[in-house]
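# Close look at the chain arrangement
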Amino acid sequence: MMKLINKKICMTKDIGIHGNVFGGILMSWIDEAAAAYATEFCCTPNMVTLRVGEMLFKKPLKVGNHVRVYGEVGHLGNTSITLNIEARKYNVYSGEDTVVCTTSITFVRIDDDGNPTPIGESVRKRYLEQSTETSFTD
């Protein structure tokens, strides 16, 4: 289940030449939010971005739009975690949101030398418990 991991408001400084939020700005918001979620989920600050999957930009964002970034764990490996991410435009009047961008991002836990290191066993156990609970409620 997707969890709200960040909120932003589109500002004039974020706009590209076509009057929409510049794609690179949205990409940085997504990477930052996903990194914070990965480090929180894995109980370590030592996570780095390994791979960003295809980014599908579905709708434009304009100045003043509220953006909410949602994420969920798609896969937990030995040293890595892959998150499924959605950025959604949020309508403050109706409470409705519209998906504007989707992607997946993989992070790797590293040691002080930058080498991959295993994600803690307590994290793995919690992930397996959550996966089991989710499969029973689906």
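Residues numbered from 1 in each chain as written. Predicted model: local features only at pLDDT ≥ 70, side-chain atom pairs only at ≥ 80, totals over all residues. Heavy atoms only, no water.

## Quick look at the pattern of salt bridges
- Per the counting criterion, the structure on display carries 5 salt bridges.
- As a salt-bridge pair, Arg-88 and Asp-97 come within 3.4 Å of each other at their nearest N and O atoms.
- Assessed through its relative accessible area of 15%, Arg-88 is described here as buried.
- On the basis of relative accessible area, Asp-97 is assigned to the partly exposed category, the value being 33%.
- Among the ionic pairs, Glu-121 bridges to Arg-124, the shortest N-O distance being 4.0 Å. Residue Glu-121 and its partner Arg-124 are located together in helix 2 (residues 121-137), separated by 3 residues, close to a single helical turn.
- For Glu-121, a relative accessible area of 58% puts it in the exposed group.
- Looking at Arg-124, the relative accessible area reads 16%, which means it is buried. (Salt bridge = Lys/Arg side-chain N within 4 Å of Asp/Glu carboxyl O. Buried < 20%, exposed > 50% of the residue type's maximum accessible area, 1.4 Å probe, protein only. Helix = DSSP H or I, 4+ residues; strand = E, 2+ residues; numbered from the N terminus.)

## Thoughts on the side chain of Glu-86
- Positionally, Glu-86 belongs in strand 5 (residues 80-90).
- On the basis of relative accessible area, Glu-86 is assigned to the buried category, the value being 19%.
- A distance of 2.8 Å separates a polar atom in the side chain of Glu-86 from a polar atom in the side chain of Arg-88.
- Among all residues touching Glu-86, those that are not within four sequence positions of it are Met-2, Arg-68, Val-69, Tyr-70, Val-99, Cys-101 and Thr-102. (Polar contact = N/O pair within 3.5 Å; in protein donor to acceptor, adjacent residues only side chain to side chain. Contact = heavy atoms within 4.5 Å.)

## What to know about the environment of Val-100
- Here Val-100 is to be found in strand 6 (residues 97-109).
- Val-100 sits in the buried class, given a relative accessible area of 1%.
- With 79 residues separating them in the primary sequence, Val-100 and Val-21 have C-alpha atoms 11 Å apart.

## Notes on the packing of aromatic side chains
- For the coordinates displayed, the defined rule picks out 2 aromatic pairs.
- For the pair Tyr-37 and Phe-41, a centre-to-centre distance of 6.2 Å together with 55° between the ring planes defines the contact as tilted. One end of the pair is Tyr-37 and the other is Phe-41, both in helix 1 (residues 23-41) and 4 residues apart, which spans about a single turn. As far as the burial class goes, Tyr-37 and Phe-41 line up, both buried.
- With 6.4 Å between their ring centres and 80° between their planes, Phe-41 and Tyr-127 make a pair best called edge-to-face. (Phe/Tyr/Trp six-rings, centres within 6.5 Å; stacked < 30°, edge-to-face > 60°.)

## Regarding the pairing of strand 5
- The buried count for strand 5 comes to 8 of 11 residues, which makes it a mostly enclosed element.
- In this structure, strand 4 (residues 66-76) lies alongside strand 5, joined through 10 bridges in antiparallel fashion. Within strand 5, the residue paired with His-75 across the bridge is Thr-82.
- Here strand 5 folds back onto strand 6, and the loop between the two strands holds 6 residues, one of which, Gly-95, carries a positive phi near 80°. (Pairing = 2+ DSSP bridges.)

## Observations concerning helix 1
- For helix 1, spanning 19 residues, the distance from its first C-alpha to its last is 27 Å, which sits close to the expected 27 Å at 1.5 Å a residue.
- Among the residues of helix 1, those classed as buried are Leu-26, Trp-29, Ile-30, Ala-33, Ala-34, Tyr-37, Ala-38 and Phe-41. Within helix 1, the buried residues cover an arc of 160° as seen down the axis, which keeps them to one side. (Expected span 1.5 Å × (residues − 1). Arc of directions from axis to C-beta.)

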